[in-house]
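Chain by chain, the residues run as shown.
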Amino acid sequence: MKRVFSGIQPTGNIHLGNYLGALRQFVDLQKDNECIYCIVDMHAITVPKDPEVLKKSIMDVAALYLALGIDPEKSIVFIQSDVPGHAELSWMLTCSSYTGELSRMTQFKQKSKMQESAPTGLFMYPVLMAADILLYDTEVVPVGDDQKQHIELTRDLAKRVNGKYGEDTFVIPEGRYMKSGARIMSLDDPSSKMSKSAENEYSRIQLLDSPSKIKKSIMRATTDSEGVIRYDQEKQPGIANLLNIYSACTNKPVDEIVKDYDGKGYGALKKDLVDVLVENLTPVQERFAEIRNSDELPKILAAGAEKANAIAEKTIKRVKDNFGLGNRF
């Protein structure tokens, strides 16, 4: 069995892109692997957050983990800040990273654009992410393909430290990415990925959206003037995005879906896609409500943190030994 680690930020309702890009992999991987799944709340404070909203969001994401099928009997589920090793290892990795490589991170460049001075936490975000992964001797990291650059940085840092302090310091992880053709894009701008931070609330489908909200989002989705349903990401990116969503939710190949809609208009495709999404999300929402309103969730997270700490402490001891840190007398 391989060790798997990944995490989701508690920065709002998880959307369809998060689910299809990473979370669905989380559920599949726990069948044959040792899985550790985290709510990365320390990442969330790279920009200011209302503390009460953040607390609620943390528990919402934890409940969604379980509602989507992550089993705490098979996987470790916990909150990042409940394990001190994340911050401790992040500092040790910071001392082995360089400003040049961090300033080249695409997400930092995008989020700091047009700002005279960006938050330091935003700049150091990839190092904390590397610490999250390396803390658990992770072998596989299931993430969306937009995280490839961060995974490569993690691998570079691990190799750099191993070369300087000993080959046994870190396990070198591998990224496990969604298929690029199935990447879920924004409904109002199919040239950009679906994002929870987009201003237009109808640009995304969130897992807890009501059927009426799902319908409005899909029916307003950008298409084109072609009027013919075919899969062409370059000429018809809006339709391609809807077909990708349909395919990902039904496990039906895109070419078969295209055949089903031969001679039909965009309205028919959108209407059926609404039904597909509601059918997929309703059981998740019902299970979420059940878990969120129970007193078991805090207990599950506390037990998960205890298990995660036991693993993390061993890694921290090994890394500190190799770095020459701590009391040796």
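Student: Even after reading the chapter, I still don't get the overall build of the protein, so can you show me in this structure?
Tutor: Across its full length, the protein carries 13 helices and 5 strands. A compact globule built from 329 residues should have a C-alpha radius of gyration of about 20 Å, and the protein, at 21 Å, falls within 12% of that. Projecting the C-alpha coordinates of the protein onto the three principal axes gives extents of approximately 80 × 45 × 40 Å. Across the 329 residues that make up the protein, the buried fraction comes to 50%. Counting only contacts in the protein whose residues sit at least 6 apart along the sequence, the fraction spanning at least 24 positions is 76%. A total accessible area of about 16100 Å² is found for the protein, and carbon and sulfur atoms account for 50% of it.

Student: Whenever I open this one, the pattern of salt bridges confuses me. Can you help?
Tutor: Proximity of charged atoms lets side chains of opposite charge pair with each other. A complete count under the given rule lists 16 salt bridges for this structure. A salt bridge links arginine 292 to aspartate 60; the nearest nitrogen and oxygen atoms lie 2.6 Å apart. With arginine 292 in helix H12 (residues 266–292) and aspartate 60 in helix H3 (residues 51–67), the pair connects residues that are 232 residues apart, well separated along the chain. Arginine 292 sits in the partly exposed class, given a relative accessible area of 24%. Aspartate 60 gets classed as buried once you look at its relative accessible area, which sits at 15%. Among the salt bridges present, the one from arginine 155 reaches glutamate 174, with a minimum N-O distance of 3.3 Å. On the criterion of sequence distance, the pair formed by arginine 155 in helix H8 (residues 148–165) and glutamate 174 in strand S5 (residues 174–177) is long-range, its members being 19 residues apart.

Student: Is there a simple way to explain the nonpolar core in this structure?
Tutor: For soluble globular proteins, the rule of thumb is that nonpolar side chains tend to be buried together. Ranked by size, the top nonpolar core spans 62 residues in total, and within it Leu16, Ile39, Tyr65, Ile218 and Leu277 carry the most contacts. Leu93, Leu102, Met105 and Phe123 belong to the second largest nonpolar core, which has 39 residues in total.

Student: What is the right way to read the packing of aromatic side chains from this model?
Tutor: Each pair of aromatic rings is reported with the distance of its centres and the angle of its planes. Enumeration according to the criterion identifies 6 aromatic pairs in this entry. Each member of the aromatic cluster is reached from another via a ring pair, and the members are Phe5, Phe78 and Tyr136. One cation-aromatic arrangement involves lysine 148 over tyrosine 177; the distance from NZ or CZ to the ring centre is 5.2 Å. Positioned above the aromatic ring of tyrosine 261, the side-chain terminus of lysine 264 is 5.4 Å from the ring centre.

Student: Quick question: what am I supposed to make of helix H13 (residues 296–323) here?
Tutor: Given 3.6 residues per helical turn, the α-helix brings residues three or four places apart onto the same face. Relative to the 40 Å expected for 28 residues at 1.5 Å per residue, H13 spans 40 Å between its end C-alpha atoms, a close match to the ideal helical length. Of all the positions in H13, only Leu297, Leu301, Gly304, Ala305, Ala308, Asn309, Ile311, Ala312, Thr315, Ile316, Val319 and Phe323 are classed as buried. Glycine 324 lies just past H13 and shows a positive phi near 85°.

Student: I'm lost on the packing of helix H7 (residues 120–134) against H8 in this one. Help?
Tutor: Any two packed helices are characterised by how steeply their axes cross, that is the angle between the axes, and by the distance between the axes. Where H7 meets H8, the axes come as close as 9 Å, and the angle between the chain directions of the two elements is 70°. The angle between H7 and H8 places the two elements in the roughly perpendicular class. For H7 against H8, the interelement crossing comes out right-handed. Listed contacts from H8 to Tyr125, Pro126, Met129, Ala130, Ile133 and Leu134 of H7 are His150, Ile151, Leu153, Thr154, Leu157 and Ala158. Among the residues forming the contact of H7 with H8, the class breakdown is 10 nonpolar, 2 polar and no charged.

Student: Any chance you could explain helix H9 (residues 211–219) here in plain terms?
Tutor: Within H9 the residues assigned to the buried category are Lys213, Ile214, Ser217 and Ile218. For H9, the angular spread of buried residues about the axis comes to 125°, placing them on one side. Residues of H9 that are buried make contact with helix H10 (237–250) and H12.

Student: Which parts of the structure should I look at to understand the pairing of strand S4 (residues 140–143)?
Tutor: Side chains Val140 and Pro142 of S4 all project onto a buried face; the interleaved residues Val141 and Val143 project onto the opposite face, where all are buried too. With 4 bridges joining them, S4 and S5 adopt parallel strand pairing. Bridge pairing in S5 links valine 140 to glutamate 174.

Student: What's the story with the packing of H3 against H12 in this structure? I'm lost.
Tutor: Closest axis-to-axis distance for the H3/H12 pair is 8 Å, and the angle between their directions is 125°. When the axes of H3 and H12 are compared, the pair comes out oblique. Note on packing geometry: the crossing formed by H3 with H12 is right-handed. In contact with Lys56, Met59, Asp60, Ala63, Leu64, Leu66 and Ala67 of H3, H12 contributes Val284, Arg287, Phe288, Ile291 and Arg292. Considered class by class, the residues forming the contact of H3 with H12 number 8 nonpolar, no polar and 4 charged.

Conventions used here
Residues numbered from 1 in each chain as written. Predicted model: local features only at pLDDT ≥ 70, side-chain atom pairs only at ≥ 80, totals over all residues. Heavy atoms only, no water. Helix = DSSP H or I, 4+ residues; strand = E, 2+ residues; numbered from the N terminus. Rg over C-alpha atoms; globule rule 2.2 N^0.38 Å. Buried < 20%, exposed > 50% of the residue type's maximum accessible area, 1.4 Å probe, protein only. Contact = heavy atoms within 4.5 Å. Areas by Shrake-Rupley, 256 points an atom, 1.4 Å probe, with all protein chains shown as cover. Salt bridge = Lys/Arg side-chain N within 4 Å of Asp/Glu carboxyl O. Core = buried A, V, L, I, M, F, W, Y, C linked by side-chain atoms within 4.5 Å. Phe/Tyr/Trp six-rings, centres within 6.5 Å; stacked < 30°, edge-to-face > 60°. Lys NZ or Arg CZ within 6 Å of the ring centre and 35° of its normal. Expected span 1.5 Å × (residues − 1). Axes fitted to C-alpha atoms, helices over the stretch in contact; angles between N-to-C directions. Parallel < 35°, antiparallel > 145°, perpendicular 65-115°, else oblique. Left-handed = near helix turned anticlockwise from the far one by under 90°. Nonpolar A, V, L, I, M, F, W, Y, C, P; charged D, E, K, R; others polar. Arc of directions from axis to C-beta. Pairing = 2+ DSSP bridges.

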